[in-house]
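Chain by chain, the residues:
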Amino acid sequence: MTAVAVGAGHRMRSHLAPRVSRLLIYTFLLAFVLYVLSPFLAILVNSVAEGWFGGRVLPAGLTLRWFDWAFNVTNLPKVMGNSFIIAGLTIAISLAIGLPTAWALGRRRVRARNMLLTLILLPKTVPPITFALGLSREFYAFDLVDTHLGVALAHTTLALPFVVLIMSATFEGLDERVLDAGRVCGGNWLRNLVHLVLPMAMPGLMAAVLFTFVTSFNEFTLTLVTYGPETLTLTVQTYLSIGDGFLEVASAISVVLLVPSVLLLILIQRQIRPENILGGVKGL
Amino acid sequence: MSAMIELVDVVKRYGDVVACNRLNLAVEQGELVTLLGASGCGKTTALRCITGSLRPDEGRIIIDGRDVTDVPTHKRNIGVVFQNFALFPHLTVLDNVAYPLRVRGIRPVVRRERALEALRLVRLEGLGGRFPRELSGGQQQRVGLARAIVYEPNVVLFDEPLSNLDAKLRLEMREEIASLKDRLGFTSIYVTHDQEEALSLSDRIAVMKDGVIHQVGRPTEIYAEPRTSFVAEFLGNPNRLTGVCVDRIQDQVVVEADGQRIVATDASGTLGIGDRAVVYVRPESVRIQDGDASPDETTLRATVVRSAFLGDSTEYILALSDKVNWHLRLDHATRLAVGEEVNLVAPRPGGRAFALAGSPVDGSPGVALGER
């Protein structure tokens, strides 16, 4: 008797409960996705909409005028070029400083290692505007305002922690005995670096470069205090267009601004997996 | 014959610890010499000095007549097989094996051919396109072996190459290494803690402890005539009898413990009457008495304490006294019952005697020996 009752209850739960919980999960997921994606949707629509204001659900018409404006009135190609140049410089500087630092932190016994890491992370932990304020003072002193190098240097303070953290973990994961094997096989340090360290660290390196690129490309606060007419970036131009009252143009620029981030997201989804970053040999 | 690898007074210290203490060793052309010892005995440190990963604090390392003490690793022209395989994870098996040739600037066509030949030698043909992570442990170590021999170095070093493999594979790889060595004729130093591996593979064995080489010799020599008590105890699983030297006939001594006597060779030649001594007796050199003992044998009384069936044989633990347990393997023709009193017959000499300094006279370590 009791056994039957228990069995029935069990069957009921197994039929009904999953359905209910699945429904709940999907509802919440959908709500979350809408919540996250709706701003992007608004920008996308806004960038091609005609007369989309007031209480309208759908725009009155579609147009590419705002992109045309963005390209011609705000000189989008040059602004985009600035963004790319600055991002490229940021990558170069961040790697130049970050790779040796990461090697030292990851491969050698460094005293006060944690203190150093904290120090490197500092610009990321303080309010950006506070950091920007101090930075602008220095930049005026060194005449770095409105130069690509200046903006890139500012961005480097934010990108460097990524590079150091990702690469020190990557370098730490390299097996010293494999590098030993490289030397035993007859390779000097340069061959070891080119043939072994570089390919083995490549997933981490790619991640560091991509994160650095996006960090620089999307950076706003520090750019605001270091840019000038010659170094306008996409983020700042978006901001200026909003200030000028051209919401649609600002949206059009934002869409362009979004492209690398979306590409990166897809890349991360496909390429960067933990097992690729560590790149070890099975069984050990 | 000339020495291919030579260590001359090699010293390596880590802070206060002396990992290698005046190592001297000459390995002849085509010879395989094992550095055998427990972990921490300095054998790996010695090998790393030879590969150039470590620089000895004192002494010289000579390979093929060239002093390489200050030559960087990549110019030493040696092959090394690593314990953890140390394959290049991002390269295919073929590229792994071809790497030493690539570094030496050999043309792609030629190096492909030679890498394939090396893979054939370790019986991995057809797996060249795989990545190391797609191979089993045994296959990975074969790749390591192929990579070490592909550029036909005169010297191939082995750093515990089998300890990451399971027992069956270990035997197979041991055969593989032995046959490769016969075919290619390279000179080797082989580091291991596994005495069976050392005994079966080596031309000579150097037994190490605490950074010092205790004895160098052929496997049979090391096994039958250990020169220090450490070597006697480390190799095989000898029975022990600790007592007092009561008589001496030429190079043989009679050692008595708890009323039992055994005749042994005085290994160091320094034992005097009244000295405390320990005798190591190989289990296979004693037998159970089934008739009268011949005049050149001695008998010892023992009681059967325990037996363990091992399949092809049975191991008996025999008590010679309260404190001394010996172990003995017998085939199934002889069956002993627990509690039975037996006479053990040992030849003259029945073992090797060493002076025992300082420690009290008892056979307690012998108990542990019975319980592997």
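Residues numbered from 1 in each chain as written. Chains lettered and ligands numbered in written order. Predicted model: local features only at pLDDT ≥ 70, side-chain atom pairs only at ≥ 80, totals over all residues. Heavy atoms only, no water.

**Q** Tell me what's going on with the packing of helix H2 (residues 93-103) of chain B against helix H3 (residues 108-121) of chain B, and back it up with residues and numbers.
**A** Residues and elements named next belong to chain B. At a minimum axis separation of 9 Å, H2 and H3 run at an interaxial angle of 120°. On the basis of the axis angle, H2 is oblique to H3. Of the two possible hands of crossing, H2 and H3 adopt the one that is right-handed. Judged by residue contacts, Val93, Leu94, Val97, Ala98, Leu101 and Arg102 of H2 engage Arg111, Arg112, Arg114, Ala115, Leu116, Ala118 and Leu119 from H3. Each residue belonging to the contact of H2 with H3 can be placed in one class, and the counts come to nine nonpolar, no polar and four charged. (Axes fitted to C-alpha atoms, helices over the stretch in contact; angles between N-to-C directions. Helix = DSSP H or I, 4+ residues; strand = E, 2+ residues; numbered from the N terminus. Parallel < 35°, antiparallel > 145°, perpendicular 65-115°, else oblique. Left-handed = near helix turned anticlockwise from the far one by under 90°. Contact = heavy atoms within 4.5 Å. Nonpolar A, V, L, I, M, F, W, Y, C, P; charged D, E, K, R; others polar.)

**Q** Just give me the short version of the interface of chain A and chain B, but keep the residues and values in it.
**A** Counting residues at the interface gives 23 residues for chain A and 28 residues for chain B. Buried area between chain A and chain B, summed over both chains or domains, comes out near 2200 Å², and the portion from carbon and sulfur atoms is 63%. In this structure, Asp180(A) and Arg48(B) form a salt bridge, with 3.7 Å as the shortest nitrogen-oxygen distance. At the surface where chain A touches chain B, the tally comes to six residue pairs in polar contact (both at pLDDT 80 or more). Elements supplying a minimum of two residues to the side of chain A that touches chain B: helix H7 (176-184) and helix H8 (189-218) of chain A. Ranked by residue count, the leading element in the side of chain A that touches chain B is H7(A), at seven residues. Each residue belonging to the side of chain A that touches chain B can be placed in one class, and the counts come to nine nonpolar, eight polar and six charged. (Buried area = accessible area lost by both parts, 1.4 Å probe. Salt bridge = Lys/Arg side-chain N within 4 Å of Asp/Glu carboxyl O. Polar contact = N/O pair within 3.5 Å; in protein donor to acceptor, adjacent residues only side chain to side chain.)

**Q** Describe the pairing of strand E6 (residues 78-81) of chain B, listing the residues and the values that go with them.
**A** Residue and element names in this part refer to chain B. Judged by which residues are buried, E6 turns out to be covered on both faces: Ile78 and Val80 on one side and Gly79 and Val81 on the other are all buried. Strand direction decides the pairing type here: E6 and strand E7 (residues 155-159), joined by four bridges, are parallel. The residue bridging isoleucine 78 from the neighbouring strand is valine 155, located in E7. (Buried < 20%, exposed > 50% of the residue type's maximum accessible area, 1.4 Å probe, protein only. Pairing = 2+ DSSP bridges.)

**Q** Could you give an account of the packing of aromatic side chains, naming the residues involved and the relevant values?
**A** As enumerated under the stated definition, the model contains 13 aromatic pairs over all chains in all. Ring geometry for Phe84(A) versus Phe213(A): centroids 5.8 Å apart, planes at 35°, classification tilted. Pair noted here: Phe84(A) is in helix H3 (residues 76-107) and Phe213(A) is in helix H8, with a separation of 129 residues, a long-range link. Its relative accessible area of 43% is what places Phe84(A) among the partly exposed residues. Here the aromatic rings of Phe158(B) and Phe186(B) are separated by 6.3 Å at their centres, their planes lie at 40°, and the arrangement is tilted. Of the two residues, Phe158(B) sits in strand E7 while Phe186(B) sits in the loop between helix H5 (167-184) and strand E8 (187-192), which places them 28 residues apart along the sequence. (Phe/Tyr/Trp six-rings, centres within 6.5 Å; stacked < 30°, edge-to-face > 60°.)

**Q** So what about the domain arrangement of chain A? Which residues, and what values?
**A** All names here are of chain A. Taken as a whole, chain A is organised into domain 1 (2-63) and domain 2 (75-278). Averaged C-alpha coordinates put domain 1 and domain 2 at centres separated by 36 Å. Tallying the contact residues gives six residues for domain 1 and seven residues for domain 2. Seen at the junction of domain 1 and domain 2, the total is zero salt bridges. Scanning the region where domain 1 abuts domain 2 turns up one residue pair in polar contact (both at pLDDT 80 or more). (Domains from an automatic or database assignment.)

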